[in-house]
Amino acid sequence: MSNEATGAQNARSTGADAGNLGYLALGLTLLAYGLLSTGIFSGTGVKDAASLAHLVGGLTLFIAGIWQLRAGEGFTGTAFTSLGAFWATWSAAGGAGKNAAGLFLLLWALLALTLTAAAWQSGLFSRLVYGLLTVSLVLSAIATFSTSGGLAKFAGWVAAASGLAAWYWATASLTNSGWGRAALPVK
């Protein structure tokens, strides 16, 4: 998210920043993926999040990323377009074998680690979103390689926490912008 969007002190937006859209899309997709991975909903699993991941996570994040890049926001543009590509590919590759899926998750964990390092100085919510995403992808990769259902469920909870942080971050930014003051803390 741009410096303007993350700071409640600059509450009125010009409308050119797609950061909130991107963080809402990332948050909702991670929440769905994470919660469906945990097994708390009977008869559901990760594959049930595929259509949400494709449209909200893939398409919406990719569009928000292109929008951000066009506005000169290199970090969020890179984060959203690459994560959009991740979700679109994940939803399309539902039949991948365990080694291919594990490698896919591990490679995307490297991207998430890069995003974590790049966003570290941006505040608590950037560290939470990207740090928890990195941990979730690493745990998911290990769970996939080892066929560990318990670890996969734990990774789902970590993904849901990352999604909740992204969703809150966008909600706080939108609320603060609409109210013209820091109604919800963002740092």
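Please refer to the structure placed before this passage.
Attention in this report is confined to the structure presented alongside it. (Residues numbered from 1 in each chain as written. Predicted model: local features only at pLDDT ≥ 70, side-chain atom pairs only at ≥ 80, totals over all residues. Heavy atoms only, no water.)

1. Looking at the nonpolar core
Which entries qualify depends on this criterion: Residues belong to one nonpolar core when they are buried, are Ala, Val, Leu, Ile, Met, Phe, Trp, Tyr or Cys, and are joined through side-chain atoms within 4.5 Å. For each residue, the accessible area found with a 1.4 Å probe, counting protein chains only, is set against the maximum for its type, and the residue is called buried under 20%, exposed over 50%, and partly exposed in between. Numbering goes from the N terminus for both helices and strands, where a helix is a DSSP run of H or I of at least four residues and a strand is a run of E of at least two. Contacts are residue-level and defined by heavy atoms, with any inter-residue pair within 4.5 Å sufficient.
Membership of the largest hydrophobic core comes to 36 residues, with the highest contact counts inside it found for Y23, L26, L83, W87, V129, Y130 and L137. Put simply, the parts of the chain that give this core at least two residues each are α2 (19-38), α3 (50-70), α4 (74-92), α5 (98-119), α6 (124-146) and α7 (149-179). Sorting elements by how many residues they give to this core places α5 first, with eight residues. With residues up to four places along the chain from it excluded, the contact list for L137 reads F86, L105, W108, A109 and A112.

2. Quick look at α6
Going by this rule: One fewer than the residue count of a helix, multiplied by 1.5 Å, yields its expected span.
For α6, which comprises 23 residues, the first-to-last C-alpha distance of 32 Å matches the rise-based estimate of 33 Å (1.5 Å per residue) to within 8%. T147 occupies a position one or two residues after α6 and carries a positive phi of about 55°.

3. Side note on the side chain of S136
Take S136: it is sitting in helix α6. Dropping the residues within four chain positions of it, S136 is found in contact with A155, V158 and A159.

4. Examining the packing of α3 against α4
How we decide: Helix axes are fitted to C-alpha atoms over the stretch in contact, other axes to C-alpha atoms as well, and angles between N-to-C directions run from 0 to 180 degrees. In what follows, roughly perpendicular refers to angles from 65 to 115 degrees, roughly parallel to angles under 35, roughly antiparallel to angles over 145, and oblique to any angle outside these ranges. Crossings are assigned a handedness: left-handed for a near helix turned anticlockwise from the far helix by less than a right angle, right-handed for a clockwise turn. Three residue categories are used. Nonpolar comprises Ala, Val, Leu, Ile, Met, Phe, Trp, Tyr, Cys and Pro, charged comprises Asp, Glu, Lys and Arg, and polar comprises the others, including Gly.
Contact geometry for α3 and α4: axes closest at 7 Å, N-to-C directions at 155°. When the interaxial angle is binned, α3 and α4 end up roughly antiparallel. In the crossing of α3 with α4, the sense of the turn from one axis to the other is left-handed. Along the contact surface, α3 presents A50, A53, H54, G57, G58, L61, F62, A64, G65, I66, Q68 and L69, while α4 presents G74, T76, G77, T78, F80, T81, L83, G84, W87, A88, W90 and S91. Among the residues forming the contact of α3 with α4, the class breakdown is 12 nonpolar, 12 polar and no charged.

Structural measurements only, silent on function.
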